[in-house]
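Reading the structure
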Amino acid sequence: MPCPYAGEQQFSMSIQSKSVIVGTAGHIDHGKSALVEALTGTHPDRLAEEKRRGITIDLGFAFLEENGVKFGFVDVPGHERFVSNMLAGAAGIDLVLLVIAADESIKPQTREHFDICRLLGVTRGVVALTKSDLVDADMLGLVRLEVEEYLRGSFLERAPLVPVSAKTGAGLDELKMALHTAATEIPGKDAARHFRLPIDRAFAMKGFGTVVTGTLISGSIGAEDEVELFPGGKRLRVRGVHSGGKSIERAIAGQRTAVNLAGIDHDAVKRGMTLATPGRFRTTRRIDARLTLLPSARKLKHRARVHFHAGTAETIAEVFLYGERVLSPGQSALAHLRLQDEVLLQPGDRFIVRQFSPVFTIGGGVVLDPLARRPTLRDAGRTSFLETLETGRRDEVLAAMAERTLLGLAFEEIVARTGWVDLEIREAAQSLARSNKLKIVSAEPLILVGRKSFQESRLKIGERVERFHKENPLSPGIAREDLRASLGRRVRPETFRAALEELAGEKKLDLQGELVKRAGTQIALLPEEAKAKEEIERAFGDAGLAVPSVKEVLGKLSVEARRAEKLLQILLREKSLIRVSPELVFHRDALARLKEQLIAYKKAKGERLSVPVFKELAGISRKYAIPLLEYLDRERMTRRAGDERVIL
Ligand SMILES: Nc1nc2c(ncn2[C@@H]2O[C@H](COP(=O)(O)OP(=O)(O)OP(=O)(O)O)[C@@H](O)[C@H]2O)c(=O)[nH]1
Ligand SMILES: [Mg+2]
């Protein structure tokens, strides 16, 4: 009988298994690749040139599964000329395997690689003292002391230091155990976030087509998923996913991942590009960041050019320092980096900077705002904003972002600038709206406006309405559209609507159809104006459909022309009178009677109506008949059909 809990057991197994990326680091020839082979059985060097020269040139990969932990190894070259390749591999690692040959001890790239790991924010690792078979115990003890001294105060201060030999196999079990312990102690990458895979290789595979590989730094990916390729924004379909040399249903964050893509040639994909969840992200050429200079570097001047490495991407950046105009060795500062190429970056992403020439690693940092605006002298609030991005809680960050976006912050903008998932954004927005720190001016699509700018919009609306009443005492209110237009493009429609509704809810404004007025506003007509207004209405009311001209009616009044025109406007706005053509105005009741006549005609005689019959029915001449019929067409009461009308 099948075990009823078999499924559950499998489920808990899959939760227990953890995927961890281990990156090697260390000087050339210190035995990194040999050690990876000794641990996994796979020699990571792939290229013919690597085999011929006996050195690693580009990244190599290998896998090991140990007690429920899936290790993906990224083996890097130690040669100083290939540090940029090393950087593409180091970007996604969880654990560093720092390799130091016992017969040589610490060398320049030991230091450079270790500096890079520190700048990338790697928090755990293991040190392997390789080639232990080549030295005696005294020498080993000496190297151990030297290494301990070097690592003091760093994240590897308490890390295990394991003497190993790839040649004899000594120490390998101990090293595996040390790696396993470290793997279980790190938090691991988050599979629940948006999918992001910085690409380190792209090639064509016979029978498959285009395959790209990389370290899956966030989210998960499976066959049939749609992905977006950055830069460029091309949408692609995933045909299949491999990890650890096997086809799998889904790859999750923390795994070395190969993705088989449909719809693109492998030549169009390069290292440095990124695959990500579609429709969420934007590439950037300007970032705001916390930049740290290594103690060993020279001071860095404002506007210096550097090599910039993030994820698997590499470009050139110009550095603008926000504070002091020079950054001293060992110091950090808020900085703006203008990139030569488009790169997909997210807040919290680490990057490395290398001196322009001669090239060596001088520092690195963390991205705070991946879609930063060009720095301007007027933008005095930028540094405190960046400090909020650096240390603030999610809601504090969102409030600060909304406050700095006068026009309002749309959902897509929030995602692209933060990488947060939808629920995180909605929760933060709602909690801020509840505590009145910002206003949700539209829920779907979500648009947020900072408290201050929303308040300003409300004030401006109030002022405009007041001014309108002052300048137009005979007018009942300002048309919504005119009011909105008077605010210019600084207030988006959603903000305008929300502010109007709020002001109406507080009984500060009255909304009447398309009209906005100060709450309780009555047009105060003078007695002679009220009388004249009645006279106008009566003149048209009495005329039925054979209306007099506007000029004629207004000309007979005792008030002067300008006021008479205003009074006519009031009647038109109240819809007591209706303008049918530029010259002709009718009373509402006369038009209502005409519509009733048409309905009765349709019942009695059918829907078709000629112009002569219409003239007779309404008792009017052609001068009125044609504009009235055109008016009825516009009102969808009739429709023109050749020479006739169809009553609808
Ligand atoms: N005796 C001895 N030789 C070793 C050991 N590990 C590596 N070697 C030798 O040292 C040389 C360099 O080893 P690699 O593993 O290629 O060194 P690497 O650190 O990967 O070098 P790069 O990738 O070029 O930086 C090779 O000839 C290895 O056979 C070891 O434990 N004992
Ligand atoms: Mg190697």
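Conventions adopted
- Residues numbered from 1 in each chain as written.
- Chains lettered and ligands numbered in written order.
- Predicted model: local features only at pLDDT ≥ 70, side-chain atom pairs only at ≥ 80, totals over all residues.
- Heavy atoms only, no water.
- Helix = DSSP H or I, 4+ residues; strand = E, 2+ residues; numbered from the N terminus.
- Rg over C-alpha atoms; globule rule 2.2 N^0.38 Å.
- Buried < 20%, exposed > 50% of the residue type's maximum accessible area, 1.4 Å probe, protein only.
- Contact = heavy atoms within 4.5 Å.
- Areas by Shrake-Rupley, 256 points an atom, 1.4 Å probe, with all protein chains shown as cover.
- Donors = N, O, S within 2.8 Å, 3.2 Å for Na, K, Ca; no water.
- Pairing = 2+ DSSP bridges.
- Axes fitted to C-alpha atoms, helices over the stretch in contact; angles between N-to-C directions.
- Near = heavy atom within 4 Å.
- Polar contact = N/O pair within 3.5 Å; in protein donor to acceptor, adjacent residues only side chain to side chain.
- Core = buried A, V, L, I, M, F, W, Y, C linked by side-chain atoms within 4.5 Å.
- pLDDT = per-residue confidence, 0-100.
- Patch = residues over 30% accessible without salt bridge, like charges linked within 9 Å, V, L, I, M, F, W, Y side chains within 5 Å.
- Salt bridge = Lys/Arg side-chain N within 4 Å of Asp/Glu carboxyl O.
- Lys, Arg positive; Asp, Glu negative; His and termini not counted.
- Charge placed at Lys NZ, Arg CZ, Asp CG, Glu CD.
- Phe/Tyr/Trp six-rings, centres within 6.5 Å; stacked < 30°, edge-to-face > 60°.
- Lys NZ or Arg CZ within 6 Å of the ring centre and 35° of its normal.
- Parallel < 35°, antiparallel > 145°, perpendicular 65-115°, else oblique.
- Left-handed = near helix turned anticlockwise from the far one by under 90°.
- Nonpolar A, V, L, I, M, F, W, Y, C, P; charged D, E, K, R; others polar.

Our focus in this paragraph is the overall build of the chain. Counting secondary structure elements, the chain contains 20 helices and 34 strands. For a compact globule of 648 residues, the expected C-alpha radius of gyration is about 26 Å, and the chain comes in at 37 Å, more than 25% above that figure. Projected onto the principal axes, the alpha-carbon positions of the chain cover approximately 120 × 65 × 50 Å. By residue count, 50% of the 648 residues in the chain fall in the buried class. Looking at the chain alone, contacts between residues at least 24 apart form 66% of all its contacts between residues at least 6 apart. Of the roughly 31,700 Å² of accessible surface on the chain, a fraction of 50% belongs to carbon and sulfur atoms.

With that settled, consider the coordination of the magnesium ion (ligand 2). Within the protein, the atoms that donate to the magnesium ion (ligand 2) are Ser-33 (OG) and Thr-56 (OG1), at distances of 1.9 to 2.0 Å. Of this pair, Ser-33 sits in helix H2 (residues 32–40) while Thr-56 sits in the loop between helix H3 (48–53) and strand E2 (60–66); the two residues are 23 residues apart in sequence, bridging distant segments of the chain. Classification of Ser-33 by relative accessible area gives buried; the value is 10%. We classify Thr-56 as buried; its relative accessible area is 10%.

If you walk across this open sheet you meet the three strands as E27-E29-E28, and the pairing is antiparallel. Strands at the two margins of the open sheet, each flanked by one partner only, are strand E27 (478–479) and strand E28 (509–512). Note: E28 against strand E29 (residues 515–518), four bridges, orientation antiparallel. What sits directly across from Gln-512, in E29, is Leu-515. Seen against the sheet, helix H12 (residues 451–471) touches E27, E28 and E29 and runs at an angle of roughly 85 degrees to E29. Its contacts with the sheet put helix H14 (residues 493–505) on E28 and E29, and the angle it makes with E28 is roughly 115 degrees.

Now for the site of ligand 1. Taken together, 18 residues lie near ligand 1, and Lys-32, Ala-34, Thr-56, Gly-78 and Ala-166 sit nearest. Between His-30 and ligand 1, the recorded distance is 3.3 Å, taken from a backbone N or O atom to an oxygen atom. Asp-133 is positioned such that a nitrogen or oxygen atom in its side chain is 2.8 Å from a nitrogen atom of ligand 1. Burial of ligand 1 by the protein amounts to 79% of the accessible area it has alone, namely 640 Å².

Time to look at the nonpolar core. Membership of the largest hydrophobic core comes to 61 residues, with the highest contact counts inside it found for Val-127, Val-147, Leu-300, Phe-308, Leu-337 and Phe-351. In this structure Phe-351 touches Ile-287, Ala-289, Arg-290, Leu-291, Phe-308, His-309, Ala-310, Leu-337, Gly-364, Gly-365, Val-366 and Val-367, once residues within four positions along its chain are discounted. Membership of the second largest hydrophobic core comes to 40 residues, among which are Leu-591, Leu-594, Leu-598 and Ile-647.

Interpretation of the predicted coordinates at a detailed level should be avoided for regions scoring low in pLDDT. Overall, the prediction assigns the chain a mean pLDDT of 92, with 98% of residues at 70 or greater. Below a pLDDT of 50 lies the segment residues 1–15, which in the model reaches zero contacts outside its immediate sequence neighbourhood of four places, other chains included.

Looking now at a negative patch on the surface. A surface patch of like charges, here negative, comprises Asp-29, Asp-103, Glu-104 and Asp-133. Structurally, Glu-104 is set in the loop between strand E4 (95–101) and helix H5 (108–119). On the basis of relative accessibility, which here comes to 38%, the residue Glu-104 falls in the partly exposed class.

As enumerated under the stated definition, the model contains five aromatic pairs in all. When the centroid spacing of 5.4 Å and the interplanar angle of 25 degrees are considered together, the rings of Phe-114 and Phe-155 count as stacked. Residue Phe-114 is found in helix H5, and its partner Phe-155 is found in the loop between helix H6 (137–151) and strand E6 (161–163); the two are separated by 41 residues along the sequence. Look at Phe-155 and you get partly exposed, because its relative accessible area is 24%. Here Arg-305 stacks its cationic end above the ring of Phe-356, 4.6 Å away from the centre of that ring.

With that settled, the discussion passes to the pattern of salt bridges. As enumerated under the stated definition, the model contains 42 salt bridges in all. One salt bridge connects Arg-280 with Asp-422, and the closest N-O pair in it is separated by 3.1 Å. Remark: Asp-422 occurs in helix H11 (residues 422–434) and Arg-280 occurs in the loop between strand E15 (274–276) and strand E16 (284–293); sequence separation between them is 142 residues. The residue Glu-635 makes a salt bridge to Lys-595 at a minimum N-O spacing of 3.3 Å. Of this pair, Glu-635 sits in the loop between helix H20 (622–634) and strand E33 (638–641) while Lys-595 sits in helix H18 (residues 588–605), and the two are 40 residues apart along the sequence. Overall, Glu-635 belongs to the partly exposed group, its relative accessible area being 41%. One network of salt bridges, in which partners are shared, links Lys-439, Arg-458, Glu-502, Glu-506 and Lys-508.

This next bit is on the packing of helix H15 (residues 527–543) against helix H17 (residues 561–573). Relative to each other, H15 and H17 sit at 60 degrees, their axes nearing to 10 Å. As the angle between them shows, H15 and H17 are arranged oblique. Handedness of the H15/H17 crossing: right-handed. Here Glu-528, Glu-529, Ala-532, Lys-533, Ile-536 and Glu-537 of H15 lie close against H17, whose contacting residues are Arg-563, Ala-564, Leu-567, Leu-568, Ile-570 and Leu-571. Per-class residue counts for the contact of H15 with H17 are seven nonpolar, no polar and five charged.

Another point: the pairing of E4. Each regular strand shows side chains that alternate between the opposite faces of the sheet. For E4, the buried fraction is high: seven of the seven residues fall into the buried class. Bridge count between strand E1 (residues 18–25) and E4: four bridges; the pairing is parallel. Along E4, the bridge assignment pairs Thr-24 with Leu-97. Relative to strand E5 (residues 124–130), E4 runs parallel, the two being bridged by seven bridges. Bridging across to E5, Ile-100 finds its partner in Leu-129.

All right, on to the packing of helix H8 (residues 382–391) against helix H9 (residues 394–404) then. Packing of H8 against H9 brings their axes to within 9 Å, and their N-to-C directions diverge by 155 degrees. The orientation of H8 with respect to H9, classified from their angle, is roughly antiparallel. Seen from above, H8 lies across H9 with left-handed handedness. In this structure, H8 contributes Arg-382, Phe-385, Thr-388 and Leu-389 to the contact, and H9 contributes Glu-396, Val-397, Ala-400, Met-401 and Arg-404. Split by residue class, the contact of H8 with H9 holds five nonpolar, one polar and three charged.

Turning our eyes to something else, we now look at the sheet that holds strand E21 (residues 332–343). Taking strand neighbours around the barrel as the criterion, the six strands line up as E16-E21-E19-E18-E22-E23 in a closed arrangement whose pairing is antiparallel. Each strand axis lies, on average, 40 degrees off the axis of its neighbour in the sheet, ignoring direction. Bridge count between E16 and strand E23 (residues 361–369): six bridges; the pairing is antiparallel. Of the residues in E23, the one forming a bridge with Ala-289 is Val-367. Across the sheet, H8 is in contact with E16, E21 and E23; its angle to E23 comes to roughly 90 degrees.

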